[in-house]
Protein chains: 2
Amino acid sequence: MKRLAVFGSTGSIGRQTLDVARNFPDWFKVIGLAAGGNLELLEQQVAEFRPELVYSTALERKSPRRTRSSQIQSRFAPMEEIAAHPDVDIVVVATSGKAGLSPCFAALRAGKPVALANKEVLVMAGDLATAEAKHTGASIMPVDSEHSAIWQCLRGEQAEIERLILTASGGPFRGLPAVELAKVTAAEALRHPTWIMGRKVTIDSATLMNKGLEVIEAHWLFSVPYANIQVVIHPESMIHSMIEFVDGSVKAQLSYPDMHLPIQHALSYPDRLPAQYVPRLDFARTARLSFETPDTGRFPCLALAIEAGKKGGTYPAALCAADEVAVGAFLEGRIGFTGIPLLVEAVLGRHSGIKHPSLQEIMEADARAREDAASIIGAEKL
Amino acid sequence: MKRLAVFGSTGSIGRQTLDVARNFPDWFKVIGLAAGGNLELLEQQVAEFRPELVYSTALERKSPRRTRSSQIQSRFAPMEEIAAHPDVDIVVVATSGKAGLSPCFAALRAGKPVALANKEVLVMAGDLATAEAKHTGASIMPVDSEHSAIWQCLRGEQAEIERLILTASGGPFRGLPAVELAKVTAAEALRHPTWIMGRKVTIDSATLMNKGLEVIEAHWLFSVPYANIQVVIHPESMIHSMIEFVDGSVKAQLSYPDMHLPIQHALSYPDRLPAQYVPRLDFARTARLSFETPDTGRFPCLALAIEAGKKGGTYPAALCAADEVAVGAFLEGRIGFTGIPLLVEAVLGRHSGIKHPSLQEIMEADARAREDAASIIGAEKL
């Protein structure tokens, strides 16, 4: 029986994490739940899973109190306390944005395995997070389908990785000419061809920023130099990623796209539990898998992210912050789709990085990049 | 340093095994060489690798003697002695046909790891071979690209296999209408689209008998029931095979088709040595991988083999023998391409199987099936 704390329980990954816990009550017990403003869903989850500990940013903003359902004996506790609580065996960090940093670092400091679905932890603070994990012996288990694929292919391998091959669906605008890209709407960008995800990550998939962030994460998770990480467009989203070994052998992990699978793999590792979600791969139905080289001309975010990753220090934090502001502005109709990479590039151009920043300096870089992004949106037409 | 005995050293797999040994002189030393009638090549190999022990069926037939190159201090020894010799760390069984049985069983009895490229050992005597390996603790390491792929994907996995997915190129006649198949010539059948192999296995690939035999081998190697082994046509021969686990996750192993890679994997396991042979996978060049369901109507050998595997006992031995006679007769122009499955089916129809045969009874079944096949060819037009 593994006891879970789930941060971001009302989001897409959080809800699917609770699906897994619900499906395997003999394997998992939910000890802690933490979420943002969706109090209604959080209370439903508290009523169902009866965690010992609960946290919500909304409750914090009002006043600490017990949840409304009076029969539930859940105690309100700060995120860091939940993450480091002795009853917790695995900390699932499925928050979006910077909110994931604090519980993730609390868990790593306490030596607890983290099932990590939050991108910002490794993109903004990959150096610090992996150093902390190494220091305490905590493991960081990826939940992203791409990194989970690599992790699965690495099982039992001792040899060095020659190359990581991250696959990308290419998003809804893969085939769209450059001139059309400027006109696409938020509604069109939110229609992802293969994956059902949150709004931010769906837009990031359409710009390929998401894949760029995953390259940075892969760099930290698997200690592979950027030069040895390749991105390949694979529209069917069946091969979730691949590893090439020194002998030229390549291993790939495949499934129909469904996030329950990598979530369950992280929670049940090293075991595998029976499938409840995705249909069996059917090669009569899946008659072809195709591959393309990504077009960084039409999708500059991919190259911007990798460049920020290579520069390191506070650059990835500035990238993340600029992208979050840009995606928000695009969803509000304030900038166009092609304005997203322009804004990110402009913010990175203004950024003066720090090489080995503290968490505090990373947060300051984030704040500065947001201010820069806001002022650029105010001043320029993107 | 691993010391190798290579049986079938002058054949396709044997020569590629020696390529690997030549490329990694710090890793491998050739202690024993055994081959059939190609004395000229065997003497070249003896001169290059200077093995302690050497065997050739051709020399046996004449009289035991030292090899002609007088400066070589190789001792002529029976196959069983070479396979079980205390100086040998890995026994590579790359002979074709029944000749592989004797050295393989000698190695397994001596508890030595066998890198197995010979199909007949597991097809004819899978029950006995795996029981012997279990008894002595010897490992059977597959060298076939398909089984090597499965073995590689199994590394580090503890969970049960839900399904094995063996890929098949489909051979040169994959798209040919049934009426055309009767007219194909041996020369056409020997032109394999993706793999360079020996003549027998190339014809077996064209009839899909090869894939059927591999299903039987996979059944014994990985203890998977026939119902859970699926064959998928994959014309590009890039994915060499796949495993589906209970959670629905599928792992695949890929490379450009080159037998050096699985040979090297077996010899270097658990390490991986730098690639010397196959180019790196290039997804700009490899833009698509496609899949089809095999057509057992046009290629009945696949179904015949799986049926013989399911019946077990001496049936697979009879299948092997009938196929060997049939392929020989086809190559000599005595029967047509579609006569191969007809002959195999007819021989299996006459076969009365023994459920748990001894090696002796398997050999008798083999001899009987050959006689039956010969008499059918004499009597009928196939």
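For the structure, see preceding data.
Now for a quick tour of the structure. (Residues numbered from 1 in each chain as written. Chains lettered and ligands numbered in written order. Predicted model: local features only at pLDDT ≥ 70, side-chain atom pairs only at ≥ 80, totals over all residues. Heavy atoms only, no water.)

Description of the overall build of chain A
Point 1. When you go through chain A residue by residue, the secondary structure sums to 16 helices and 12 strands.
Point 2. Relative to its length of 382 residues, chain A is compact, with a C-alpha radius of gyration of 20 Å against a globular reference of 21 Å.
Point 3. In terms of overall dimensions, chain A has C-alpha extents of about 60 × 50 × 40 Å along its principal axes.
Point 4. Put simply, chain A has 382 residues, and 60% of those count as buried.
Point 5. In chain A, once contacts between residues fewer than 6 apart in sequence are set aside, the share between residues at least 24 apart is 69%.
Point 6. Summing over all exposed atoms, chain A offers an accessible surface of approximately 14300 Å²; the carbon and sulfur share of this is 51%.
Point 7. Here chain A contributes 39 positively and 43 negatively charged side chains, and the mean placements of these two sets differ by 4 Å. (Helix = DSSP H or I, 4+ residues; strand = E, 2+ residues; numbered from the N terminus. Rg over C-alpha atoms; globule rule 2.2 N^0.38 Å. Buried < 20%, exposed > 50% of the residue type's maximum accessible area, 1.4 Å probe, protein only. Contact = heavy atoms within 4.5 Å. Areas by Shrake-Rupley, 256 points an atom, 1.4 Å probe, with all protein chains shown as cover. Lys, Arg positive; Asp, Glu negative; His and termini not counted. Charge placed at Lys NZ, Arg CZ, Asp CG, Glu CD.)

Some details on unusual backbone geometry
Point 1. Omega for the bond connecting A:Y269 with A:P270 falls within 30 degrees of zero, at 5°, which places this linkage in the cis form.
Point 2. Considering the arrangement of structural elements, one finds A:P270 in the loop between helix 12 (260-268) and strand 12 (288-290).
Point 3. With phi around 50°, B:S237 is a residue other than glycine that occupies positive phi space.
Point 4. By relative accessible area, B:S237 is classed as buried at 5%.

Some thoughts on the relation of the copies chain B and chain A
Point 1. Aligned on chain A, chain B shows an RMSD of 0.0 Å; the corresponding rotation is 180° and the shift along the axis is 0.0 Å. Here the two chains are linked by the operation of a two-fold rotation axis. Judged by C-alpha distance, B:G156 is the residue of chain B that lies nearest the rotation axis, at 1.8 Å.
Point 2. Comparing interface residues between copies, 100% of those in chain B also lie at the interface in chain A; the contact surface is shared. (Least-squares fit on C-alpha atoms with pLDDT ≥ 70 in both.)

Overview of the interface of chain B and chain A
Point 1. Counting residues at the interface gives 44 residues for chain B and 44 residues for chain A.
Point 2. Buried area between chain B and chain A, summed over both chains or domains, comes out near 3700 Å², and the portion from carbon and sulfur atoms is 51%.
Point 3. Among the residues of chain B in contact with chain A, B:D247, B:R272 and B:F283 are the three that bury the most area, contributing 19% of the side total.
Point 4. For B:R272, the salt bridge identified is with A:D247, shortest N-O distance 2.9 Å.
Point 5. The greatest single-element share of the side of chain B that touches chain A, amounting to five residues, is contributed by strand 11 (residues 250-254) of chain B.
Point 6. Counted by class, the side of chain B that touches chain A contains 21 nonpolar, 12 polar and 11 charged residues.
Point 7. Relative to strand 12 (residues 288-290) of chain B, strand 12 of chain A runs antiparallel, the two sharing three bridges. Bridge assignment links A:R288 to a residue of strand 12 of chain B, and that residue is B:S290. (Buried area = accessible area lost by both parts, 1.4 Å probe. Salt bridge = Lys/Arg side-chain N within 4 Å of Asp/Glu carboxyl O. Nonpolar A, V, L, I, M, F, W, Y, C, P; charged D, E, K, R; others polar. Pairing = 2+ DSSP bridges.)

A look at the side chain of A:K211
Residue and element names in this part refer to chain A.
Point 1. Structurally, the position occupied by K211 is in helix 11 (residues 209-222).
Point 2. Here T167 takes part through its backbone oxygen, which lies 2.8 Å from a polar atom of the side chain of K211.
Point 3. In this structure, K211 is in contact with E146, L166, T167, A168, V231 and L302, ignoring residues within four places of it in sequence. (Polar contact = N/O pair within 3.5 Å; in protein donor to acceptor, adjacent residues only side chain to side chain.)

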